[in-house]
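Geometric and topological summary
Chain by chain, the residues run as shown.
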Amino acid sequence: MANIKVYDMSGNETSTMALNDDIFGIEPNKEIMHAVVVNYLANQRQGTQSTLTRSEVRGGGKKPWRQKGTGRARHGSSRSPIWRTGGVALGPKPRSYRYTLNRKVRRIAMKSALSSKVAAADMFVLDGLKMDEFKTKTMVKMFEKLGVERKALVVLDSVDLKIIKSAANIPGIKTTQVNTLSVYDILNYDKLIVMKDAVAKIEEVYA
């Protein structure tokens, strides 16, 4: 098993932790990670776009002009898509873009994403993260001590409103829990900061 350093809120190394190689040490499968990310983004689409077809636009009840003798092209309705005020041909209508991937694929993608962060040394494990009050400045100092300068995803083992709200105002920082952790978020953020108890839960779920 690979070992990873465990830090405290001051950025000091407190111990080391053994990681399950079946979860944090596999060869990342880029194709599967890509498929899961595309699936995630597709499922986020609202699908509410809508256009008016020729049967829905107003007007067009009368033939614009007689069929022959005018020298102009023949038309039967101003609702035709070739008219400026006409309907849209084959335009989008409200629909669902949601589709599912099988459980095995999703599990491989999650393990690949976690393993890629460990391999790139972009994953930090915190011994604990406790906030006595809602204080954004405390969170900012912690990220500075850990050397986090860009986007970071903080994975909590349970919901802690003081931590969540203290980090909410920091640009590029997002908090989540083990049960809502997604492959998209892991790959979208540069650094992955995981609570020690959260690592145990991840290994329990994906072992």
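Relevant structure appears above.
Right, let's walk through the structure included here. The model shown is predicted, which means the values in this text are computed figures rather than measured ones.

Time to look at the pairing of strand 2 (residues 13–19). Of the strand pairs in this sheet, strand 1 (residues 2–7) and strand 2 are connected by 6 bridges, and their pairing is antiparallel. Counterpart to Ile4 in the pairing with strand 2 is Met17. Hairpin connection from strand 1 to strand 2: 5 residues lie between these consecutive antiparallel strands, with Gly11 at a positive phi of about 85 degrees.

Attention shifts here to helix 5 (residues 161–168). Buried residues of helix 5: Ile163, Ser166 and Ala167, and no others. Taken end-on, helix 5 shows its buried residues confined to a sector of 90 degrees, consistent with a single buried face. Exposed side chains of helix 5 directed beyond 90 degrees from the buried face belong to Leu161 and Ala168. Where helix 5 is buried, its residues touch helix 4 (136–146), strand 4 (152–156) and strand 5 (173–177). Its side-chain oxygen 3.1 Å from the backbone nitrogen of Lys162, Asp160 forms the N-cap of helix 5.

Cut-offs and rules
- Residues numbered from 1 in each chain as written.
- Predicted model: local features only at pLDDT ≥ 70, side-chain atom pairs only at ≥ 80, totals over all residues.
- Heavy atoms only, no water.
- Pairing = 2+ DSSP bridges.
- Helix = DSSP H or I, 4+ residues; strand = E, 2+ residues; numbered from the N terminus.
- Buried < 20%, exposed > 50% of the residue type's maximum accessible area, 1.4 Å probe, protein only.
- Arc of directions from axis to C-beta.
- Contact = heavy atoms within 4.5 Å.
- Polar contact = N/O pair within 3.5 Å; in protein donor to acceptor, adjacent residues only side chain to side chain.

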